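Residues per chain are reported as follows:
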Amino acid sequence: MSRVVELKHPLVRHHMAMLRDKNTPTYIFRDQIRRLTLLLAYEATATLPVEPIEIETPLCKTTCKHVETRMGLVPILRAGLGMCDAVQDLIPQAEIWHLGFYRDESTLEPVEYYQKFSDHPPEIAFILDPMLATGGSACEAIAMVKKWGVNKISMLCTIASPEGIEKVQDVHPDVTIFTCAIDECLNENAYIVPGLGDAGDRIFNTL
Ligand code: PRP
Ligand code: URA
């Protein structure tokens, strides 16, 4: 079974409160997604392998460590774009590969509308999507990234439902999920409760 890491840091809880608040305007919502993603990315990269590198400080030569692994960020459009800059700030050498899905609100099935992958998959992929609801979009995205040839995949989501986590764990037991909060359940429209509403609409001011 895959690992689920729920961040318990006080600052995560603090920023989640502002993120969830329905009165939080778009410009602050985007900032909150960004702050929370930085904390998620910090946790999700904690076990990256490091290699020695010789450098010279103004005083002497010394051996330091650096990360050589080729990493790909895979934001799921649209809402995943809101997380991308924060991870890129932390990992400026990462490649960005976009995947477009929207959830058909009548069937709740993910519908793919964009894919941009190369012939050279990265060694590690971080899939970015603020919401893991039914888990349909995440499972499809993970399947596509695996088919591309990536063996090490982590899923970064701001909020996860227990139902979504269970689905990803069933279908992709090798993928670790990092989340700021595991919420209570899905409602009758498969929205996460208490959740934050529609992440894409709140990020892009299209409510
Ligand atoms: C949201 C969210 C996920 C998906 C989660 O996207 O960003 O991609 O729903 O739902 P699931 O786990 O049940 O598949 P949405 O379809 O609203 O598209 P958007 O990001 O373009 O707004
Ligand atoms: N997509 C969202 O944006 N929010 C939810 O609660 C579920 C799916």
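The following refers to the structure shown. (Residues numbered from 1 in each chain as written. Chains lettered and ligands numbered in written order. Predicted model: local features only at pLDDT ≥ 70, side-chain atom pairs only at ≥ 80, totals over all residues. Heavy atoms only, no water.)

**Focus on the layout of surface pockets**
Heads up, the condition is: Grid points spaced at 1 Å and placed over the protein atoms alone form the basis of the search, with a cavity being a set where a 1.4 Å probe fits but cannot get out and a pocket an open set showing protein on both sides within 12 Å along at least five of seven lines. Lining residues have an atom within 4 Å of a point. Grid points are joined across faces, edges and corners, and a volume is the space filled by probe spheres set on the points. Runs of E in the DSSP output that reach at least two residues are strands. Runs of H or I that reach at least four are helices, and both are numbered from the N terminus. Three classes are used, and their members are as follows: Ala, Val, Leu, Ile, Met, Phe, Trp, Tyr, Cys and Pro are nonpolar, Asp, Glu, Lys and Arg are charged, and the others, Gly among them, are polar.
Of the volumes computed, that of the largest pocket is approximately 530 Å³. As for the largest pocket, its lining consists of 25 residues, of which Arg103, Glu105, Asp129, Met131 and Asp198 are closest to the centre. Those elements that place two or more of their residues in the lining of the largest pocket are β4 (71–77), β6 (99–103), β9 (131–132), α4 (136–148) and α6 (199–204). Per-class residue counts for the lining of the largest pocket are 14 nonpolar, six polar and five charged. The space that makes up the second largest pocket amounts to roughly 260 Å³. Forming the boundary of the second largest pocket are 14 residues, of which Ala44, Thr47, Lys152, Ser154 and Thr176 lie nearest the centre. Among the secondary structure elements, those contributing two or more residues to the lining of the second largest pocket are β8 (124–128), β10 (152–160) and β11 (176–182). Partitioning the lining of the second largest pocket into residue classes produces seven nonpolar, four polar and three charged.

**Concerning the site of ligand 2**
The condition is simple: A molecule or strand has a residue near it when one of that residue's heavy atoms lies within 4 Å. Contacts described as polar in this section are N or O atom pairs within 3.5 Å, which, within protein, must combine one atom able to donate a hydrogen with one able to accept it, while residues neighboring in sequence count only if both atoms come from side chains. Only the protein chains shown count as covering a residue, and every accessible area follows the Shrake-Rupley method with a 1.4 Å probe. Should more than half of a molecule's atoms lie within 2 Å of a pocket's or cavity's grid points, that molecule is taken to sit in it.
Around ligand 2, the neighbouring residues are Arg103, Met131, Ala133, Ala190, Tyr191, Ile192, Gly197, Asp198 and Ala199. Residue isoleucine 192 places a main-chain N or O atom 2.8 Å away from an oxygen atom belonging to ligand 2. At a separation of 2.8 Å, a nitrogen atom of ligand 2 approaches a polar backbone atom of glycine 197. About the coverage of ligand 2: the protein hides 88% of its 240 Å² of free accessible area. The site holding ligand 2 turns out to be the largest pocket. In the shell around ligand 2, the residues fall into six nonpolar, one polar and two charged.

**Concerning the packing of aromatic side chains**
Heads up, the condition is: For this analysis, a ring pair means two rings from Phe, Tyr or Trp (six-membered ring only for Trp) whose centres lie within 6.5 Å, classed as stacked if their planes differ by under 30 degrees, edge-to-face if by over 60, and tilted for the remaining angles. Think of it in three bands: with a 1.4 Å probe and only protein chains considered, a residue is buried below 20% of the maximum accessible area for its type, exposed above 50%, and partly exposed in between. Charge-over-ring contacts are defined here by two conditions on Lys NZ or Arg CZ: a distance within 6 Å of the ring centre and an angle within 35 degrees of the ring normal.
Considering all chains together, one arrives at three aromatic pairs under this definition. Look at tryptophan 97 and tryptophan 148: their rings are 5.5 Å apart centre to centre, the planes differ by 70°, and that puts the pair in the edge-to-face class. Of this pair, tryptophan 97 sits in the loop between β5 (95–96) and β6 while tryptophan 148 sits in helix α4, and the two are 51 residues apart along the sequence. Since its relative accessible area comes to 12%, tryptophan 148 is described here as buried. Taken together, the ring pairs connect Trp97, Phe117 and Trp148 into an aromatic cluster. Note that arginine 103 overlies the ring of tyrosine 191, its terminal NZ or CZ placed 5.4 Å from the centroid.

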